[in-house]
Amino acid sequence: MDLGVRWKLHGDGRTPAPGAVVRPDERLSWPRTVGLGAQHVVAMFGASFVAPVLMGLDPNLAIMMSGVATVIFLLATRGRVPSYLGCSLSFVGVAAVIRAQGGTSATVTGAVLVVGAALFLVGLAVQRFGARIIHAAMPPIVTGAVVMLIGFNLAPVTASTYWPQDQWTALLVMLFTGLAVVCLRGFWSRIAIFLGLVFGYALSWALDQVFGKIHSVDGSGKLTDHWRLDFSAVGRADWIGLPTFHGPTFEWSAILVALPVVIALVAENAGHVKAVGEMTGDSLDDKLGTAISADGVGSMLSTAVGGPPNTTYSENIGVMAATRVYSTAAYWAAAGFALLFGLCPKFGAVVAAIPGGVLGGITVILYGMIGLLGAQIWINAEVDLRNPLNLVPAAAGIIIGVGNVSMKFTDTFSLSGIALGTVVVITGYHALRAFAPAHLKGQQPLLDEGTSSYDTQGGDDGPQRAKS
């Protein structure tokens, strides 16, 4: 069985020829391949260790399990889809909602494990029936609205938890990160979030030296005098050791909050597979279902031991585009580095020491970017918001999700925020579609540009475009 772990040496192993690319089944010399793997680790670092901190999970375990998930993904796709699987930011809002309802880390990981299982089943269905089942259930108006409400639902977390801890640091970090995203080029722009965190660390240390302790709320919401940057836990941490493991617990209320994120993960995977296929010149449409299932398996394994879920990382697409090296050998090296980082508790303590004000500045941009990805889905699919069939369910669902509207059904069961907003968008769209006049239905139900080539025959929505 070919597992995609054999690579041909590209050229002389030093530098790709002008205009040439290093394909997934090729590699450069091993020292260069290992160096590229380290570069991929740096690219995924910013989001992959911020996300578990925001979710209240162990960053050491998150990094370690991202390496494990990447290995699973590479084996499942037989080395044809170069990708790194890092901690998914789509679940940050879910974790915040679950914890606000009194949930623990075990409750969070239990809910997300179920999402991983659902993602795995979606992948199997795509392998069996093709992407048309995704188009039918989740057209772009639905996918975009759900991604948008997931991102914007996070706004109160920044406003009430992180920003008040140190508003001036938060403002300066926000400005620096924004400048880094816009003004830097190539690889450096891809790690702008990481650079913002480094800047925030340095700024917090400098402010402590100049002004001393700050009088503000701390991470628990208690008003007190405290240092902006507290490295006391770093000194106590060991250099080598295992991360903290724990098992999941399952509660229906938490699971219902988390399940809508499946939609965002399917969209992420579909876009990733299409983007990699276009860059390598190798059609990967037949690997979409496998990629989705592999992501689900990696997330289930990670959450089963107390880690966060994972997803394909666009940051690493940027590294491949800049270097023109698509070798999966580099991703094996990156996975190896991640496993080593996971065995260093001192590294995890450094990550856990990120000041609240720094997170405030970062999350203002980060959460907004997550939400606006939903708008990008609409733009790519040319969704017409003048059509009331699109406008009404999206408008209602987004306001419910962002405003955290709640509906109580019994004394022990209610839906609110992300879960209720997603239900309204999906059921509202399909219910309205059943009664809408024919002239409102003539839109092409594309999930995104990455999967449009699956359907060339018209269904009840009329003919669809086939794009390469």
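For the structure itself, consult the block above.
Please read these numbers as outputs of a predicted model, since none were measured by experiment.

Draft legend 1. Structural view of the pattern of salt bridges. Applying the stated criterion across every chain, the model contains four salt bridges. A salt bridge links Lys-8 to Asp-25; the nearest nitrogen and oxygen atoms lie 3.8 Å apart. Of this pair, Lys-8 sits in strand S1 (residues 8-9) while Asp-25 sits in the loop between S1 and strand S2 (26-27), and the two are 17 residues apart along the sequence. Close ionic contact of Arg-228 with Asp-208 constitutes a salt bridge, the shortest N to O distance being 3.0 Å. Taken together, the positions of Arg-228 in the loop between strand S5 (223-226) and helix H11 (232-236) and Asp-208 in helix H10 (residues 192-211) put the pair 20 residues apart, joining distant regions of the chain. Arg-228 gets classed as buried once you look at its relative accessible area, which sits at 14%. The class for Asp-208 is buried, based on a relative accessible area of 6%. Each of Asp-166, Asp-208 and Arg-228 takes part in one network of salt bridges that share partners.

Draft legend 2. Main features of helix H6 (residues 140-152). Its 13 residues give H6 an end-to-end C-alpha distance of 18 Å, which sits within 8% of 18 Å, the value for a rise of 1.5 Å per residue. The buried fraction of H6 amounts to 12 of the 13 residues, a majority that puts the element mostly inside the structure. Taken together, the buried positions of H6 are occupied by Pro-140, Ile-141, Val-142, Thr-143, Gly-144, Ala-145, Val-146, Val-147, Met-148, Leu-149, Ile-150 and Gly-151.

Draft legend 3. Structural context of the nonpolar core. Core analysis: the largest hydrophobic core is formed by 99 residues, its most contacted members being Met-55, Val-92, Ile-354, Tyr-367 and Trp-378. Excluding its chain neighbours within four sequence positions, the residues that come into contact with Ile-354 are Phe-49, Leu-197, Tyr-201 and Leu-359. Listed in part, the five residues of the second largest apolar core include Val-22, Leu-28, Leu-36 and Ala-330.

Draft legend 4. Just the environment of Gly-289, in detail. Note that Gly-289 resides in helix H14 (residues 288-304). Measuring from C-alpha to C-alpha, the distance between Gly-289 and Ala-131 comes to 8.1 Å, with 158 residues separating the pair along the chain. Contact partners of Gly-289, with chain neighbours within four places excluded, come to Gly-123, Val-126 and Gln-127.

Draft legend 5. Quick look at the side chain of Ser-302. Looking at the secondary structure, you find Ser-302 in helix H14. Residue Ser-302 is classed as buried on the basis of its relative accessible area, which comes to 0%.

Draft legend 6. Broad picture of a nonpolar patch on the surface. On the surface, Leu-242, Phe-245, Leu-340 and Leu-343 cluster together into a nonpolar patch covering about 400 Å² of accessible area. Structurally, Leu-340 is set in helix H16 (residues 328-342). For Leu-340, a relative accessible area of 57% puts it in the exposed group.

Draft legend 7. Structural detail: the packing of aromatic side chains. Applying the stated criterion across every chain yields a total of two aromatic pairs. Ring centres of Trp-7 and Trp-30 lie 5.9 Å apart, and the angle between their planes is 85°; this geometry places the pair in the edge-to-face category. Within this pair, whereas Trp-7 is found in the segment before S1, its partner Trp-30 is found in helix H1 (residues 30-55), the two being separated by 23 residues in sequence. A cation over a ring is seen here: Lys-346 above Trp-239, with NZ or CZ 5.1 Å from the ring centre.

Draft legend 8. Here's a closer look at the packing of helix H8 (residues 167-183) against helix H18 (residues 356-380). Remark: H8 packs on H18, axes separated minimally by 7 Å, with the N-to-C direction vectors making an angle of 45°. Considered as vectors, H8 and H18 are oriented oblique to each other. Seen along the crossing, H8 lies across H18 with a hand that is right-handed. Facing H8, whose interface residues are Thr-169, Ala-170, Val-173, Met-174, Thr-177 and Gly-178, H18 presents Gly-357, Val-358, Gly-360, Gly-361, Ile-362, Val-364 and Ile-365.

Rules used throughout
Residues numbered from 1 in each chain as written. Predicted model: local features only at pLDDT ≥ 70, side-chain atom pairs only at ≥ 80, totals over all residues. Heavy atoms only, no water. Salt bridge = Lys/Arg side-chain N within 4 Å of Asp/Glu carboxyl O. Helix = DSSP H or I, 4+ residues; strand = E, 2+ residues; numbered from the N terminus. Buried < 20%, exposed > 50% of the residue type's maximum accessible area, 1.4 Å probe, protein only. Expected span 1.5 Å × (residues − 1). Core = buried A, V, L, I, M, F, W, Y, C linked by side-chain atoms within 4.5 Å. Contact = heavy atoms within 4.5 Å. Patch = residues over 30% accessible without salt bridge, like charges linked within 9 Å, V, L, I, M, F, W, Y side chains within 5 Å. Areas by Shrake-Rupley, 256 points an atom, 1.4 Å probe, with all protein chains shown as cover. Phe/Tyr/Trp six-rings, centres within 6.5 Å; stacked < 30°, edge-to-face > 60°. Lys NZ or Arg CZ within 6 Å of the ring centre and 35° of its normal. Axes fitted to C-alpha atoms, helices over the stretch in contact; angles between N-to-C directions. Parallel < 35°, antiparallel > 145°, perpendicular 65-115°, else oblique. Left-handed = near helix turned anticlockwise from the far one by under 90°.

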